[in-house]
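Spelled out from the first residue to the last, the chains are:
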Amino acid sequence: MTKRLQQARNDLEEATKSTDSDDIRDEIRETADAFADYALGETTPDHALLDERLNTLRQVRKQATGNTEATVESAIEAVEEHRESIYQD
């Protein structure tokens, strides 16, 4: 896993701590768990997989406020940077 995806995972873990919404927390936690799988090498994320995760995070960002919104935004930026760096057939 790249540093960008690790940063995204760290941001998402922080976001789960700062939100008061169980629904948002569940969505963030599920996405953070996916990035943990990437770290363990169980799944290699491609463009489509990352797009799916980005869509989830964008929806969460719309519902979030304050620090949660900021850390989700930081995670989105990190994932987008990583996505741009991978080769697409």
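From a predicted model like this one, the values you see are computed outputs, not experimental measurements.

Engineer: I keep staring at the overall build of the protein chain and nothing clicks. Help me out?
Structural biologist: The helix and strand inventory of the protein chain stands at four helices and zero strands. The principal-axis extents of the C-alpha atoms in the protein chain amount to approximately 40 × 20 × 20 Å. The long-range fraction of contacts in the protein chain, counting pairs at least 24 apart against all pairs at least 6 apart in sequence, stands at 65%. Within the structure as shown, the protein chain displays about 5,300 Å² of accessible surface, and the carbon and sulfur contribution to it stands at 39%.

Engineer: Mind showing me how you'd approach the environment of D51 here?
Structural biologist: Mapping D51 onto the fold places it in helix α3 (residues 47–63). Within polar-contact distance, the side chain of D51 engages the side chain of R83 at 2.5 Å.

Engineer: Sorry if this is basic, but what is going on with helix α4 (residues 66–85) here?
Structural biologist: Structural remark: α-helix, 3.6 residues per turn; residues separated by three or four positions point the same way. Taking 1.5 Å of rise per residue, 20 residues should cover 28 Å, and α4 covers 29 Å from first to last C-alpha, within 8% of that figure. In this structure, the buried side of α4 is in contact with α1 (3–18), α2 (22–40) and α3.

Engineer: I would appreciate a short explanation of the pattern of salt bridges in the present structure.
Structural biologist: Once the charged atoms of two side chains with opposite charge are near each other, the side chains can pair. For the structure on display, the rule yields six salt bridges. With a closest N to O distance of 2.5 Å, R83 and D51 form a salt bridge. Residue R83 is found in helix α4, and its partner D51 is found in helix α3; the two are separated by 32 residues along the sequence. Take R83: its relative accessible area is 23%, and that puts it in the partly exposed class. For the salt bridge of E73 with R61, the shortest nitrogen-to-oxygen distance reads 2.5 Å. Residue E73 is found in helix α4, and its partner R61 is found in helix α3; the two are separated by twelve residues along the sequence. Given a relative accessible area of 24%, R61 falls into the partly exposed group.

Engineer: Just checking my understanding: could you explain the environment of G66 for this structure?
Structural biologist: Mapped onto the elements of the fold, G66 is located in helix α4. Taking the C-alpha atoms as reference points, G66 and A34, separated by 32 residues in sequence, lie 24 Å from one another.

The rules behind each value
Residues numbered from 1 in each chain as written. Predicted model: local features only at pLDDT ≥ 70, side-chain atom pairs only at ≥ 80, totals over all residues. Heavy atoms only, no water. Helix = DSSP H or I, 4+ residues; strand = E, 2+ residues; numbered from the N terminus. Contact = heavy atoms within 4.5 Å. Areas by Shrake-Rupley, 256 points an atom, 1.4 Å probe, with all protein chains shown as cover. Polar contact = N/O pair within 3.5 Å; in protein donor to acceptor, adjacent residues only side chain to side chain. Expected span 1.5 Å × (residues − 1). Salt bridge = Lys/Arg side-chain N within 4 Å of Asp/Glu carboxyl O. Buried < 20%, exposed > 50% of the residue type's maximum accessible area, 1.4 Å probe, protein only.

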